[in-house]
Amino acid sequence: MDTSHHFLLLMLLHYAIGSNEGCLEILEVGKNITAKKCPPLKPKNLSCIAVQEDKKISPNLNCSWDPGSRDPLLDTTYTVYVYVNVSSQTYKADCNQRLARYCVVNLDYFPNHVLLTVWVEVKNALGSERSDALEEYSKDFAKPNPPSNVQVLTEVNIPTSLMVTWKHLIKKNVLKLSYAIRYRKAASDVWVEVPENLTRGGNESYILQSLEPYTQYVVQMRCIEENYTSYWSDWSASVTGRTAEANPPLKPKNLSCIAVQEDKVISPNLNCSWDPGSRDPLLDTTYTVYVYVNVSSQTYKADCNQRLARYCVVNLVNFPNHVLLTVWVEVKNALGSERSDALEEYSKDFAKPNPPSNVQVLTEVNISTSLMVTWKHLIKKNVLTLSYAIRYRKAASDVWVKVPESFTRGDIESYRLQSLEPYTPYVVQMRCIEENYSGYWSDWSASITGNTAEAKPASAPDLWRIIQPSSNNRNVTLVWKAPVKMNGKVMGYYLNIFQDDVMFKSYNIKTDNISQMYSMELPPEKTASIELIVSNSVGASPKATLFIPRSGQEPPGVENMSWSVRDEKLQVEWTAVTSLCDGLHLSEYLLEWVNIPQLQTEWQRVSSSVTNTTIRGDLEKLKRYNISVYPIYKYKTHFQAGRPVTRPAYVQQGTPERGPTVKVDKFKKNSAELTWEEIPLDIQHGFITNYTIFYAIGNTKKWESPVTVGPNVHSYVLMGLASETDYVVNVMVSTVAGSVKGMDCTFKTMKYGDGEVEVIVVVVCLSFLFLTVFVMLCLRKREVIKKLLWPQVPDPSDSSIAHWSPDFPIKTDVPKEDVSVVEVDTFDGKCLCEEDKTVLPLKKNKYHSEEHSSGIGGSSCMSSPHHSVSDSDSGDSGQTTASTVQYSSVVAGAYKGQTSNHQPPVFTRSESTQPLLDSEEHLEHLSESGDQSRSSYFRRGRELELGVGQECDGASLTFCPVQEETSPVAEDPPTFTLSYML
């Protein structure tokens, strides 16, 4: 072998004693080369990562490790294994490199929220190794993408803030994220990171604060699994934003300071306030108030850290009395500063005392128009000397009356209020100020109430009457109110009543029984004069008088009275009275309103020069009132009312509480009369404008066209209804405020209209009567009817042919016997109806001889084929069937004993329409034979019967049939013809 093409390898295998490398040295003979081959080292620092794809984690797990620094110098395979604990599946990937450092394992899909175990096995010809297992949850291998759509927004009114917003780019059920934000000025490279605890969780916005106004900032973001166990995403692209522009502060204006009273001295806390202006500096701004005490040359100050501060309190330790103080305000922020104008005043000008204490209002016992007001000082006079202000009002009024300040100036502690009204409660308040009015007024004191003393009533009671006419009398109710100027407590009333100027009754109504009402009966033809006086503890009032004229003699009233609603009050307007009766003088107008249906009456009076006014009473909404206007006339010393004009009115209208209840009083075939009652006035809640009727068939609720009727209509007739049909109907009531429906009512129209039932009954009764009379007549006239319907037919047994014989003369006294008629179908049943066939020869093949037979009973077109005539019942000989039969003529060659030449007899048809006897119908004794025609025979005597083999006896006078010949016989015309008609 040529050594240039072959090598002889001498391999010397040895392992160094104590060596753990396990390397193999290979000596290659021929080349004189020794190579050292080694097994792989154990992989270390295994880590894996799965990046985000779209909105989920990629299934490709990128794993990397440290293979060691020793090259094995042999082909080596690295295999990465991933074991999914939940599904028990194992995925792997091979990397055939001697010193492979990474490999990608495809997991088909990324397993969310499960435990994964990852390891690496390395193998070559000299050995294998396995890395330590990496056991972590799948989310710990995930690396999300940076937040998307990052924006930096300017906070318009906050120049030190920026709003950062972003969007999630991964499904929350896959991975929940926390965020990291870092920012820097655009002109700087120094990043400031927001603490991670401020951006932890699933937020999508964050406000960067404490920034510089009108400055550009650069912002970046990244994200990680919310518990920080996964990989951080890369930083997002830089986004730039600018903070808002800020303003320097404005100069404070209208500076003022006040020190309030505490106990009996002035508080050392000076409360200063000012106007900072309307422009917000948009920066942290500090306001500082300075107070300079001129006597001690001390300066006090206080800071207020607000952008638009309006007040601040400076503590002066002790309030300096009677010294000059200088106060000013300085404001400062990052963009500038300003100082207010100085406020220079004496300390007393800053003081605000408390209201006077222990204020009392005392009644002047003997002076009913005065009240005494007293109070106390609550501040030391060496601190502040005061002047006072007093105001008062009636307890029932909101109008205050102020006492001139000059009356209460100086160091006083009481004042008398004068020119007040007697027996009236008054409310009094007080306040105080530095005596020269240079400081601040105190607040008003609490309200104190006092009553003036009683005085004699200054006005008459308000007397009125309510007249209700009855059948023969007038029911007069006298009502009154206490005088407007009662000036004291009512002790009693004195009532005098005159009828036709004669004292009728006098009453003294004490205080324990003051009902302010009295009723009496006044005849229509009489007049009444009423006098009423009220008294208190001081004296009696002037007299109130009222005159009631006779019925129909009232003075004229007003015209054209109307009302309207304004500001939820009733305003009444009327036309003034123009015509006055002699001796009457128009004194005033009286407005009366009566609550319906309670009939509670109230009234008020207005001047005679007024023609419109607003009712002062507390009228309820949704309630009806009758408003009346009376002119009040004065006649001598009495007052009397003219005729009233009354109108119903509402302060506010509403919908009725319920709808009307409809009833169906009369319903007919095509109409129904509906009635409903008027809704009670107390629940109408307004003027009814109309009623609307709704009706429909059955429960279909397909309403027909509604019918609207006026407010005064309470019945209606529905027309055009279907007969015998169920209807449902209801009525809706309406006011200007709305409508409400009543309860449904159902009814059913009648089947027949008015008179239809009577007509049917009459027709049925007349028909029954007519039938009864007809039946009775038929029963009484049955013999006549029988003769008319069934005429009597002659008995064939009494006919001459029944007693005739060719061999024997006719006997005159032949006993009456039954004759039976037997039908014979002659000439094959053909009908002999024509008049020109009166004579027809008999067929020889049917009968040998017919000298002894009769042709009676042959069938005709006008008769039934089966009839019999019997004279067995002489009483019913006239009855027969509905059919008639023609009698035949018997034509023979011989007559009464003459010799016959045996010529065949001839039958001729009779035109008689007499009905056959009933006995003709019984032909069951006859027998039928083949194609032969049937013949009719008269039999004499009921004992004779036709039978087979019966021979004809020549001595008897009975007809019998001739036996048929076997050979046909030619028919010869008869030489002699005799016609005999029955």
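The shown structure was predicted, so the numbers you read here are calculated from the model rather than taken from an experiment.

Rules used throughout
Each chain has its residues counted from 1, running along the sequence as written. Where totals are concerned, whole chains, interfaces and linings use all residues; where local detail is concerned, this predicted model gives features only for residues with pLDDT of at least 70, and gives and counts side-chain atom pairs only at 80 or more. Values reported for side chains reflect all heavy atoms of the structure, with hydrogen atoms and water molecules removed beforehand. The salt bridge criterion pairs a side-chain nitrogen of Lys or Arg with a carboxyl oxygen of Asp or Glu, the two atoms within 4 Å. In this description a helix means any DSSP run of H or I spanning at least four residues, a strand means any run of E spanning at least two, and both kinds are numbered starting from the N terminus. Buried residues are those whose accessible area, probed at 1.4 Å on protein chains only, stays under 20% of the maximum for their type, while exposed residues exceed 50% and partly exposed ones sit between those limits. Contacts are residue-level and defined by heavy atoms, with any inter-residue pair within 4.5 Å sufficient. Pairing of N or O atoms within 3.5 Å defines a polar contact, subject to two protein rules: one partner must be a possible hydrogen donor and the other a possible acceptor, and residues neighboring in sequence count only if both atoms are side-chain atoms. By the convention used here, strands pair only if DSSP detects at least 2 bridges between them. UniProt positions are given in the numbering used here, feature names are shortened, and annotations may be inferred rather than shown by experiment. Two cysteine sulfurs form a disulfide in these notes if their separation is within 2.5 Å. Whether two aromatic rings pair depends on their centres lying within 6.5 Å, for rings of Phe, Tyr and Trp, where Trp uses its six-membered ring; planes under 30 degrees apart make the pair stacked, over 60 edge-to-face, and the rest tilted. Here, over-ring charges are defined by two tests on the NZ atom of lysine or the CZ atom of arginine: distance to the ring centre within 6 Å, and angle to the ring normal within 35 degrees.

1. As for the pattern of salt bridges
Pairs can form between side chains of opposite charge whenever their charged atoms are close.
Alright, step 1. If you walk through the whole model with that rule in mind, you get 20 salt bridges.
Alright, step 2. Ionic pairing is found between Arg-98 and Asp-71, a salt bridge with its closest N-O pair at 2.7 Å. Remark: Asp-71 occurs in the loop between strand S5 (60-66) and strand S6 (77-84) and Arg-98 occurs in the loop between strand S7 (89-95) and strand S8 (102-106); sequence separation between them is 27 residues.
Alright, step 3. Accessibility expressed as a relative area gives 38% for Arg-98, which makes it partly exposed.

2. Looking at the environment of Trp-593
Alright, step 1. Structurally, Trp-593 can be placed in strand S46 (residues 585-596).
Alright, step 2. Placed 33 residues apart in sequence, Trp-593 and Asn-626 show a C-alpha to C-alpha distance of 5.4 Å.
Alright, step 3. Those residues in contact with Trp-593 that sit more than four places away from it in its chain are Gln-600, Thr-601, Glu-602, Trp-603, Gln-604, Ile-615, Gly-617, Leu-619, Tyr-625, Asn-626 and Ile-627.

3. Overview of the side chain of His-638
Alright, step 1. Tracing the backbone shows His-638 in strand S50 (residues 638-641).
Alright, step 2. In terms of polar contacts, His-638 uses its side chain to reach the side chain of Thr-637, at 3.2 Å.
Alright, step 3. Each residue touching His-638, except ones within four places of it in the same chain, is listed here: Ser-529, Glu-531, Thr-545, Leu-546, Phe-547 and Tyr-633.

4. Overview of the pairing of strand S32 (residues 386-394)
On any regular strand, side chains alternate: one points to one face of the sheet, the next to the other face.
Alright, step 1. Counting buried positions over the nine residues of S32 gives eight, a clear majority of the element.
Alright, step 2. Relative to strand S33 (residues 401-402), S32 runs antiparallel, the two being bridged by two bridges. Considered in S33, the bridge of Arg-391 is made with Lys-402.

5. Observations concerning the sheet that holds strand S35 (residues 425-434)
Alright, step 1. Taken together, four strands build an open sheet; the order of strands is S33-S32-S35-S36 and the sheet is antiparallel. At either margin of the open sheet sits one strand with a lone partner, and together these are S33 and strand S36 (448-451).

6. Comments concerning the UniProt feature "transmembrane region" (unreviewed entry) in the protein chain
Alright, step 1. Mapped onto this numbering, the UniProt entry gives "transmembrane region" (unreviewed entry) at residues 759-779.
Alright, step 2. The annotated region residues 759-779 carries 100% helix and 0% strand content, and the separation between its end C-alpha atoms amounts to 30 Å.

7. A word on the state of the cysteines
Alright, step 1. Tallied over the full model, the rule gives four disulfides.
Alright, step 2. Residue pairing for Cys-95: its cysteine sulfur links by disulfide to Cys-103, the two sulfurs lying 2.3 Å apart. Between Cys-95 and Cys-103 the disulfide shows an S-S torsion of about 110°. By sign, it is right-handed. Cys-103 carries the same exposure label as Cys-95, and that label is buried.
Alright, step 3. One disulfide in the model links Cys-304 with Cys-312; its S-S distance is 2.2 Å. Taking the sign of the S-S torsion, 110° for the link of Cys-304 and Cys-312, the bridge is right-handed.

8. Concerning the packing of aromatic side chains
Given two aromatic rings, one states the distance between the centres and the angle between the planes to describe the pair.
Alright, step 1. Overall, the coordinates contain 19 aromatic pairs when judged by the stated rule.
Alright, step 2. Between Tyr-228 and Trp-232, the aromatic rings sit 6.0 Å apart at their centres with planes inclined by 50°, giving tilted as the arrangement.
Alright, step 3. One aromatic cluster in this structure is built from Trp-563, Tyr-650 and Phe-687.
Alright, step 4. Sitting above the plane of the Trp-235 ring, Arg-182 keeps its charged end 4.0 Å from the centroid.
Alright, step 5. A cation over an aromatic ring shows up here: Arg-393 above the ring of Trp-400, its NZ or CZ 4.9 Å from the ring centre.

9. Quick look at the pairing of S46
Alright, step 1. Burial analysis of S46 places ten of its twelve residues in the buried class, which makes it a mostly covered element.
Alright, step 2. Direction of pairing for S46 relative to strand S49 (residues 624-635): antiparallel, over a ladder of eleven bridges. Opposite Val-594, over in S49, you have Asn-626 as the bridge partner.
Alright, step 3. Pairing geometry for S46 and strand S47 (residues 600-607), over eight bridges, is antiparallel.

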